[in-house]
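# Residue-level structural notes
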There are 2 protein chains.
Amino acid sequence: MLSSVRAGARRLPRHVSRLQAVRPLATASSSVFPNEPPKPAVQTAIPGPRSKAALAKLEKVFDTRSMNFVADYDKCHGNYIVDHDGNVLLDAFAQIASIPLGYNNPHLLEVADTPEMRSAIVNRPALGAFPSSEWADILETGLLKAAPKGLSQVLTSMTGSDANELAFKAAFIWRRTQERGGADFTAEELASVMKNEAPGAPRYSILSFEGGFHGRLFGSLSTTRSKAIHKLDIPAFDWPAAPFPRLKYPLEEHAAENAAEEARCLAETERLLDTWPQPVAALIVEPIQSEGGDNHASPSFFQALRKATAARGVLMIVDEVQTGVGATGRFWAHEHWDLPTPPDMVTFSKKAQAAGFYYKDAALRPDRPYRQYNTWMGDPARALLFRGIHEEVTRLGLVERTARVGRYLWEGLEGLARRHPGEVQNLRGKERGTFIAFDSPRREEVLARARAGGLNIGASGDRAIRLRPMLVFEEKHADILLDILENAIKK
Amino acid sequence: MLSSVRAGARRLPRHVSRLQAVRPLATASSSVFPNEPPKPAVQTAIPGPRSKAALAKLEKVFDTRSMNFVADYDKCHGNYIVDHDGNVLLDAFAQIASIPLGYNNPHLLEVADTPEMRSAIVNRPALGAFPSSEWADILETGLLKAAPKGLSQVLTSMTGSDANELAFKAAFIWRRTQERGGADFTAEELASVMKNEAPGAPRYSILSFEGGFHGRLFGSLSTTRSKAIHKLDIPAFDWPAAPFPRLKYPLEEHAAENAAEEARCLAETERLLDTWPQPVAALIVEPIQSEGGDNHASPSFFQALRKATAARGVLMIVDEVQTGVGATGRFWAHEHWDLPTPPDMVTFSKKAQAAGFYYKDAALRPDRPYRQYNTWMGDPARALLFRGIHEEVTRLGLVERTARVGRYLWEGLEGLARRHPGEVQNLRGKERGTFIAFDSPRREEVLARARAGGLNIGASGDRAIRLRPMLVFEEKHADILLDILENAIKK
């Protein structure tokens, strides 16, 4: 089938005022991505015959049932993904929100084409034992330059799941070390821990929120409460889950109800912190519950969580695996909150490409070495890539631009919601950059129609469509997205 | 201080017969690594002043207490690591057994310098949703070419810890799916799992062995039983640990005692499989307990484990994270066992650089998609590197050579043990390539003296020194190792 993008897609959408539409004449992406396609182009069903053949071949050795289509990454540029049948799609899903700066970003390709990167790939060190002489410099000019305010330390890891689990371990070790008050491990602790029993392996817990997603390994999955299919048949720790606010949108029209809902959730959180039989060492929370359906809460809710945890000696972990690195219009989403004191730990992965957690100060380091330790402890190749990402974000002002493009996209989506109130419901993410979602009663159909129209977007929660464009997404891409989406809804 | 390698180090060591010493005139490493140093050269204490300054700088933002020294990886070649003070050490620890083919291996540098690798770094896909069109080919020409006999499928991940945890998840899902017998999830399962409660989150278990090491995340750490410091203060699952044989060495001199010890451990394993209150879904075992102190067991012990698990419908996971990829003189260490049927899963990482697990057939895939799923599901960059590693291992016959060099090294160490029976005890790893260890009553002192003499080696367990050379380690390197080690012992 031919692309459903109409000839007029680049015209101003009807719902955009002249004032909003003013934008720089030379857009950054046209200079950064000279080969970026002007628009989507869909020639076959997706997946098409060549994608299907590649998936059939792959299926013999690797589970492919979750796969959407097969891509030719060497043909992708900027915001556009090209599948194995030559279909060109505007990608507002971006590998589950993990591509920061567009496909084949020239600056990142340069970073990948350096002796430093080749050495990092071939001579991968055990970072905890034999780091390279450049490691401090790589951190200081990269990951730490981007550190959330008030957090000066970093522990690197490999994925969002293990970043969260290392943060949990830091919390448990910190808590028990405080309680031990400088005393050595007891003989009982040393013996019981080898049998996985208390007191050496304490029955302590991490509090998370209903609807939260923090990963799928055994510790992180015990805090994940998004969907049953993520958790079924996997043993889990007996840890508490507090209700996360279920707000009504638009937020400004439901201020009183929403404040009451947040107060209810906060009270229940505090009750759990005070009464859960397994002492709570840390609370983990996403700034926006992402896999869980893009559930928001107000800055005052998070401020209250910070106060409630600090008052109890419970650590606060902010999981910025999906929200971090610019998409909400701030580099870290929790910057929107204006917290009284920083979170104790902030975890990251996905668009950072590197993974790990930031922490406040050396007090959160274990009292002895080898307690937070593993062979690789991260990956310098990915830390180099993060540095390149951060350089480019800074050079092009992509966080600020994403805030601006997000406002433009929001206006367009509000227009869609006004014109199709049955199809675009509970629009959310205002002033959160391009990190926008809405509920769609016919979601699967809309997603399929959008894809057939040349737009790759994703789902979250039970009925949400989540937009996760890259940081190189501009107003011109928003126009195309809005146009395809409106066509998908109207059909 | 000057290198302690005496001028005569390259002469035949006294303990090597002429016959044993015959070896190819042109050694592979001299052609592969034209810049490999001829011998170690130590000029300063280790860590020296420049390493110390770099560590002090790094300490401000990253925990450095476990670090040995800081390396200049661009100056390292082959078997030699060069620290930031210019000291040149023969590296028989190899980043905790994770460098397969020597520093700055020319073939791997070529692999790292390809458009394919740059694309893999910059355009990292969500493999479970949008794999590249080359993914099947990368697997077939790499990871699957090296697959253990009888295992045709692979699931990729990021580290040894998460590889093991994904294998555990596969086992739990498989077990519960069998028990469910095709029925759908019950309402009770769907509701209880969101509260981390049975039956949705079943109280099932993984059996591991005392002394085993399988990683340090929450599920893998629950099976790790190496040292208390690895586990203290971290909540753990109530899972069983069976005794692992504590054999006497040399094995051939203690055949009857060792057989009795293995029978005892096997009986206790079977008792735990039959009686542990939380049904055992899988047993995980290392071919050689590596972190735990290089503890061996006989092929017949592992054959019996295979039979005991198969008879009970318990899956058998062989953890080849440290033993895999050639160091034992077979590509996979469990090839030494001649099992009646293959293990159900084999996990890998470290020298593979890629990570994940192999499995028997599609029956071990979950019954529905999205049950074993995460954003990245591995890393094509590391799968490309694995392919390069496997190519080079095959081209140079490095597994066979490691078997040969291992015999040479073993003979040399036997000589050391004869001459210094109080210092080299319980030598073990005969016919296991270069995967050799011994107990050292003055271990910390010996390790420090060896390092001062230009040899980087590691410890394991309570008193073992483990040798973990790379696959490019040759007889000439063994001579140097033996010489430095003997000097370190004699002092």
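Remember, predicted model here, so these are calculated numbers, not experimental data. (Residues numbered from 1 in each chain as written. Chains lettered and ligands numbered in written order. Predicted model: local features only at pLDDT ≥ 70, side-chain atom pairs only at ≥ 80, totals over all residues. Heavy atoms only, no water.)

### Comments concerning the confidence of the model for chain A
Residues and elements named next belong to chain A. To keep things clear, this is the line we draw: For every residue, the predictor states its confidence as a pLDDT score lying anywhere from 0 to 100. Contacts are assigned to residue pairs that have any heavy atoms within 4.5 Å of one another.
Across chain A, the average pLDDT comes to 94, with 94% of residues at or above 70. Here residues 1–26 is modelled with pLDDT under 50, and outside its nearest four sequence neighbours on either side it reaches 48 contacts, counting other chains as well. Confidence metrics for the complex model read pTM 0.94 and ipTM 0.94.

### Section: the relation of the copies chain B and chain A
Rules: Superposing copies: least-squares fit, C-alpha atoms only, residues required to have pLDDT of at least 70 in both.
Mapping chain B onto chain A leaves a residual RMSD of 0.0 Å; the transformation is a rotation of 180° accompanied by 0.0 Å of translation along its axis. Viewed as a symmetry operation, the transformation between the two copies matches a two-fold axis. Judged by C-alpha distance, F218 of chain B is the residue of chain B that lies nearest the rotation axis, at 2.8 Å.

### Here's the deal with the interface of chain B and chain A
Using the following cut-off: Values labelled buried area give the accessible surface lost by two parts on being combined, using a 1.4 Å probe and summing over both. For this analysis, a salt bridge means a side-chain nitrogen from Lys or Arg found within 4 Å of a carboxyl oxygen belonging to Asp or Glu. Polar contact is the term for a pair of N or O atoms within 3.5 Å; when the atoms are in protein, one must be able to donate a hydrogen and the other to accept it, and sequence-neighboring residues count only if both atoms are side-chain atoms. Classification used: nonpolar for Ala, Val, Leu, Ile, Met, Phe, Trp, Tyr, Cys and Pro, charged for Asp, Glu, Lys and Arg, polar for all others including Gly.
Listed per partner, the contact involves 120 residues of chain B and 120 residues of chain A. A per-residue breakdown of the area chain B buries against chain A is headed by F130, F218 and D233 of chain B, which together make up 8% of the total. Put simply, chain B and chain A have 12 salt bridges between them. For the pair chain B and chain A, the number of links is 68 residue pairs in polar contact (both at pLDDT 80 or more). Considering only residue class, the side of chain B that touches chain A consists of 61 nonpolar, 27 polar and 32 charged.

### Some details on the sheet that holds strand β1 (residues 80–82) of chain A
Strand pairing in a sheet is mediated by backbone hydrogen bonds. Such pairs are either parallel or antiparallel. Residue and element names in this part refer to chain A. Stated precisely, the cut-off is as follows: Strand pairing follows a simple DSSP-based rule, namely that at least 2 bridges must link the two strands. By definition, any uninterrupted DSSP run of H or I lasting at least four residues is a helix, any uninterrupted run of E lasting at least two residues is a strand, and each is numbered from the N terminus. Axis lines are fitted through C-alpha atoms, for helices just across the contact stretch, and the angle between N-to-C directions can take any value from 0 to 180 degrees.
Sheet architecture is open: three strands sit in the order β1-β2-β12, paired in mixed fashion. The open sheet has two edge strands with one neighbour each: β1 and β12 (455–456). In this sheet, strand β2 (residues 88–91) lies alongside β1 in antiparallel orientation, the contact comprising three bridges. By the bridge assignment, Y80 is partnered in β2 with L90. Against the sheet, helix α16 (residues 475–490) engages β1, β2 and β12, with an angle of about 105° to β2.

### Things to note about the pattern of salt bridges
What counts here: For every residue, the accessible area obtained with a 1.4 Å probe (protein chains only) is divided by the maximum for its type, and the residue is called buried under 20%, exposed over 50%, and partly exposed between those limits.
On inspection of all chains with the given rule, the structure shows 80 salt bridges over all chains. For D233 of chain B, the salt bridge is made with R371 of chain A, and the minimal N-O distance between the two is 2.8 Å. On the criterion of chain membership, the pair formed by D233 of chain B in the loop between α10 (218–223) and β5 (241–242) and R371 of chain A in the loop between β9 (355–359) and α13 (380–396) is interchain, its members lying in two chains. R371 of chain A carries the same exposure label as D233 of chain B, and that label is buried. Bridged by salt links that share partners, the residues R175, R176, E179, R180, D184, E189, D367, R368 and R371 of chain A together with D233 of chain B form one connected network.

### Comments concerning the pairing of strand β7 (residues 315–319) of chain B
All names here are of chain B. Quick reminder of the rule: Handedness of a crossover is defined as follows: orient the strands so they point away from the viewer, and if the path from the first strand over the helix to the second runs clockwise, the crossover is right-handed.
Counting buried positions along β7 gives five out of five residues, so the element sits mostly inside the fold. Burial of the side chains of β7 extends over both faces: L315, I317 and D319 are buried on one face and M316 and V318 on the other. Viewed along the sheet, the connection from strand β6 (residues 280–285) through helix α12 (residues 299–312) into β7 turns out right-handed. Judged from the three bridges that link them, β7 and strand β8 (residues 345–348) form a sheet pairing that is parallel. When the sheet's bridge partners are listed, V318 is paired in β8 with V346.

### Side note on the sheet that holds strand β10 (residues 425–428) of chain B
All names here are of chain B. Strands sit in the order β10-β11-β14-β13 across an open sheet of four strands; the sheet is antiparallel. Pairing within the sheet leaves two strands with one partner each, and these edge strands are β10 and β13 (458–460). Taken pair by pair, the neighbouring strands of this sheet meet at an average axis angle of 25°, ignoring direction. Where strand β11 (residues 436–439) meets strand β14 (residues 464–467), four bridges bridge the pair, whose relative direction is antiparallel. Counterpart to A437 in the pairing with β14 is R466. The strands that helix α14 (residues 398–419) touches are β10, β11 and β14; relative to β11, the one it contacts most, it runs at about 15°.

### So, the packing of aromatic side chains
This is how it is decided: Paired rings are identified among Phe, Tyr and Trp, the last through its six-membered ring, by centres lying within 6.5 Å, and are further divided according to the angle between planes into stacked (under 30 degrees), edge-to-face (over 60) and tilted (the rest).
Per the stated rule, a full pass over the model turns up 46 aromatic pairs over all chains. With a centroid separation of 5.9 Å and an interplanar angle of 45°, the aromatic rings of F172 of chain A and W239 of chain A are classed as tilted. Taken as a pair, F172 of chain A in helix α8 (residues 160–180) and W239 of chain A in the loop between α10 (218–223) and β5 (241–242) lie far apart in primary sequence, 67 residues in all. Like W239 of chain A, F172 of chain A is buried. Seen from their ring centres, W239 of chain A and F218 of chain B are 6.0 Å apart, and the 90° between their planes marks the pair as edge-to-face.

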